[in-house]
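Chain by chain, the residues run as shown.
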Amino acid sequence: MGRHHSPHHELISQHIPILYRSIENCYMKQQLLFAFFFLGIQINAQIQDTTFHKVFYESTMNIVSKSGAVSPDDGLVIVGEVDNSYAYMMKIDSAGTFEWFKKADAQSGFKKVIRTWDSTFVAIGGQFNVGNMVNDAFIVKFDVNGDTLWTKTIEHPTGLSLNTTSIVESIDSNYLICGYTSAQNNSFMIKISAAGDLIWSTIFNPINTSLAQGITYGPDSTIYICGQYNDGVNFVSSYIASFEHDGTPISSTGYTSVDFYDIVYHMDSLFVLGAQSSEILISRMATDGQIDWMNSYFYVYDNTLDKMHLHTTTNGNLLTMVGDRMFTTNAIEIDPEGSVVNQKNLIMDGVDLLETQKNGYFLLGYGPLYGIKLLQVDHLGVIRLDETFSPNNDCLWDSWQSINPTIVTPASTTLQSNGTLVDNQLAIAFNSELIIDYEGCVDIWGGIDESDLPEISVYPVPASDKVNFKQDQDLTFSLVITDLTGRMVIQRAKVMGETSVDVSGLPLGNYIYKITFGNDQVRTGKLNILR
């Protein structure tokens, strides 16, 4: 049977001789090939990742990261808590340059953030309800500039605290959120519209008390939730429950001797991130809960359980990074069959591992070591690596652990419905803050070792017409002052000892200065101009 040619194919065939004759001259062909080759080099250079390792902090605030999401410009949006009391959101660009940091003006905290299909972001967490003295569910939608589009709080009908744990965007561009209540330990699920309206909510349990931890959905709009429950016999038990698109329960499967913390639907299967004692495991399951494989990959000591996230990559692999307060953080990429593709250990308390849009990875965490928190504020750390988890630097190293987990046996459980939640619209404002950043690693003391850096005196504070920079050593340095958008407003090169800078032409407000010494050591700080 002859090969069929489409009309488009015929049209292209007719034009090929014409195109060829137009470049018939050999010299022209060579020039054209050279041009395409050069263009390929240029395009390839543009998509190369910028790798870095940076520390972000503010000397009066404990900044703890909880989750991240890659922005449309290939930067990183980060959410978490300040001083264990206030939610914050922050953004850096693809090169690690600080862009903005905004903190809530009410007691609150963020647990997770996702990027939505309309290139905005939705973060979930808790907001302290002063009237009931409990935490309500807290949901915020914001744009790439950190401007709030809407805020939403949802409360329990009898005044229990609501702990949100995970969020996913549904196929109809709305948002599914899960979590659990305090005291009674009931799981709950919420569906919020893209405009911030409560569509429906449900409180449920498999058998007895339960804690919903992760949520995902399949192409048929089936919703899947994983978490832990108490079956009255086993101290550690987990479940995977399925629901219709409107929250109607379908089925539930229980698993003993294991904890589940996150779940993703991927390649017609469910992939679950969990723990078995101190072993971190990932399992592939059928949608009916039957286990295909279950592998343990590394140990952690003293794990903080609200920091475990599982993500998929564009090439079909899976990513997770699990850390603890003893600095034994592991970052890992596996293929759908459970084989390790990339793996690293990090010198920080890792919380999230994300694929960039240009064949690389963001590694997000914070420090210092748990016991040092009494003496030092928390610093936020971000590392960007290429597609091979390279380059190695002082912040991370190669390591490998191989563990054989105890395979658990699934068993059917019964889902029980226990009511709904209450919509409680509350507007919460976010205010900008200045953050200092360094090239370096989050070490056990909270930031890079600055003991060998020259001391810099900056005065007067605040500045009016002039500002002086004086060091305690006679080293050559360069000075750059930027506004809060990152735009450079003043630059000085090859300064030694002390220099005075005229700032009389700058508008009133806050600025960032960056001093770079000849050995590439850097000091940064805030500068306020007031007249």
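Residues numbered from 1 in each chain as written. Predicted model: local features only at pLDDT ≥ 70, side-chain atom pairs only at ≥ 80, totals over all residues. Heavy atoms only, no water.

Asker: What am I meant to see in the overall build of the protein here?
Answerer: Helix and strand counts for the protein come out as 2 helices and 40 strands. Evaluated residue by residue, the protein yields a buried proportion of 53% over its 531 residues. If you take every contact in the protein between residues at least 6 apart in sequence, the share linking residues at least 24 apart comes to 53%. For the protein, the exposed area adds up to about 23,500 Å²; of that, 52% sits on carbon and sulfur atoms. (Helix = DSSP H or I, 4+ residues; strand = E, 2+ residues; numbered from the N terminus. Buried < 20%, exposed > 50% of the residue type's maximum accessible area, 1.4 Å probe, protein only. Contact = heavy atoms within 4.5 Å. Areas by Shrake-Rupley, 256 points an atom, 1.4 Å probe, with all protein chains shown as cover.)

Asker: Would you mind showing me how to read the side chain of Lys-54 here?
Answerer: With respect to the secondary-structure elements, Lys-54 resides in strand β1 (residues 52–57). Lys-54 sits in the buried class, given a relative accessible area of 8%. Within polar-contact distance, the side chain of Lys-54 engages the backbone oxygen of Gly-96 at 3.1 Å. Setting aside residues up to four positions removed in sequence, Lys-54 forms contacts with Ala-95, Gly-96, Thr-97, Leu-380, Gly-381, Val-382, Asp-437, Tyr-438, Glu-439 and Gly-440. (Polar contact = N/O pair within 3.5 Å; in protein donor to acceptor, adjacent residues only side chain to side chain.)

Asker: Can you help me understand the pairing of strand β34 (residues 456–459) in this one?
Answerer: Two faces make up the sheet, and in a regular strand the side chains alternate between them. Every second residue of β34 is oriented toward a common face, the buried set being Ile-456 and Val-458 and the non-buried set Ser-457 and Tyr-459. Relative to strand β35 (residues 466–471), β34 is paired through 4 bridges, and the arrangement is antiparallel. Bridged to Tyr-459 within β35 is Asn-468. What sits between the antiparallel neighbours β34 and β35 is a turn of 6 residues. (Pairing = 2+ DSSP bridges.)

Asker: What is the right way to read unusual backbone geometry from this model?
Answerer: Glycine aside, negative phi is the norm for most residues, and most peptide bonds take the trans geometry. Pro-460 follows Tyr-459 through a cis peptide bond whose omega is -5°. For the bond running from Val-461 to Pro-462, omega is -5°, close enough to zero to count as cis. Along the chain, the position of Pro-462 falls in the loop between β34 and β35. Positive phi, normally seen in glycine, also occurs at Lys-494, with a value near 55°. Position of Lys-494 relative to the elements: it lies in strand β37 (residues 488–496). The exposed category is assigned to Lys-494, whose relative accessible area is 75%.

Asker: Teacher, can you tell me more about the nonpolar core here?
Answerer: One broad rule of soluble globular proteins: the nonpolar side chains tend to lie buried together. Core analysis: the biggest nonpolar cluster contains 22 residues, and Phe-56, Tyr-88, Met-90, Phe-101, Leu-380 and Val-382 have the highest contact counts within it. Sequence-distant contacts of Val-382, that is, excluding residues within four places in its chain, are made with Phe-52, His-53, Lys-54, Phe-56, Leu-76, Ile-78, Ile-92, Phe-362, Leu-363 and Leu-364. Grouped together as the second largest cluster of nonpolar side chains are 19 residues, Ile-456, Phe-469, Ile-490 and Val-501 included. (Core = buried A, V, L, I, M, F, W, Y, C linked by side-chain atoms within 4.5 Å.)

Asker: Explanation requested: the pairing of strand β25 (residues 349–355) in the structure shown.
Answerer: Of all 7 residues that make up β25, 6 are buried, and the element is covered over most of its length. Judged from the 6 bridges that link them, β25 and strand β26 (residues 360–367) form a sheet pairing that is antiparallel. Bridge pairing in β26 links Glu-355 to Tyr-361. Between the antiparallel neighbours β25 and β26 lie 4 residues, among them Asn-359 with a positive phi of about 60°.

Asker: Sorry if this is basic, but what is going on with the packing of aromatic side chains here?
Answerer: The geometry of two aromatic rings is summed up by the distance between their centres and the angle between their planes. The full count for this structure, using the stated rule, is 14 aromatic pairs. Ring geometry for Phe-52 and Phe-362: centres 6.4 Å apart, planes at 55°, overall tilted. Placement of the pair is Phe-52 in strand β1 and Phe-362 in strand β26, with a sequence separation of 310 residues. Phe-362 matches Phe-52 in its accessibility class, with the two residues each being buried. Geometrically, the ring pair formed by Phe-469 and Tyr-513 is edge-to-face, given 5.4 Å between the ring centres and 75° between the ring planes. Of this pair, Phe-469 sits in strand β35 while Tyr-513 sits in strand β39 (residues 509–517); the two residues are 44 residues apart in sequence, bridging distant segments of the chain. With relative accessibility at 10%, the residue Tyr-513 sits in the buried group. Aromatic ring contacts, followed pair by pair, group Phe-204, Tyr-229, Tyr-239 and Phe-243 into a single cluster. (Phe/Tyr/Trp six-rings, centres within 6.5 Å; stacked < 30°, edge-to-face > 60°.)

Asker: In this structure, what is going on with the sheet that holds strand β17 (residues 259–266)? I would like to understand it.
Answerer: Strand-to-strand pairing in sheets goes through backbone hydrogen bonds, with the strands running parallel or antiparallel. The antiparallel open sheet is built from 4 strands, whose spatial order is β17-β18-β19-β20. Every other strand in the sheet has two partners, leaving β17 and β20 (291–299) as the edge strands with one partner each. Each neighbouring strand pair of the sheet contributes to a mean axis angle of 20°, computed without reference to strand direction. (Axes fitted to C-alpha atoms, helices over the stretch in contact; angles between N-to-C directions.)

Asker: How should I be thinking about the sheet that holds strand β38 (residues 498–502) in this particular structure?
Answerer: Across the sheet, which stays open at both edges, the 3 strands sit in the order β34-β35-β38 with antiparallel pairing between neighbours. The open sheet is flanked by β34 and β38, the only strands paired with a single partner. Adjacent strand axes in the sheet meet at a mean angle of 15° when their direction is disregarded.

Asker: How should I be thinking about the environment of Cys-178 in this particular structure?
Answerer: With respect to the secondary-structure elements, Cys-178 resides in strand β10 (residues 175–181). On the basis of relative accessible area, Cys-178 is assigned to the buried category, the value being 0%. Taking the C-alpha atoms as reference points, Cys-178 and Ile-203, 25 residues apart in sequence, are found 9.7 Å from one another. When sequence neighbours within four positions are dropped, the list of residues in contact with Cys-178 reads Asn-163, Thr-164, Thr-165, Ser-166, Phe-188, Met-189, Ala-212, Gln-213, Gly-214, Ile-215 and Ile-225.

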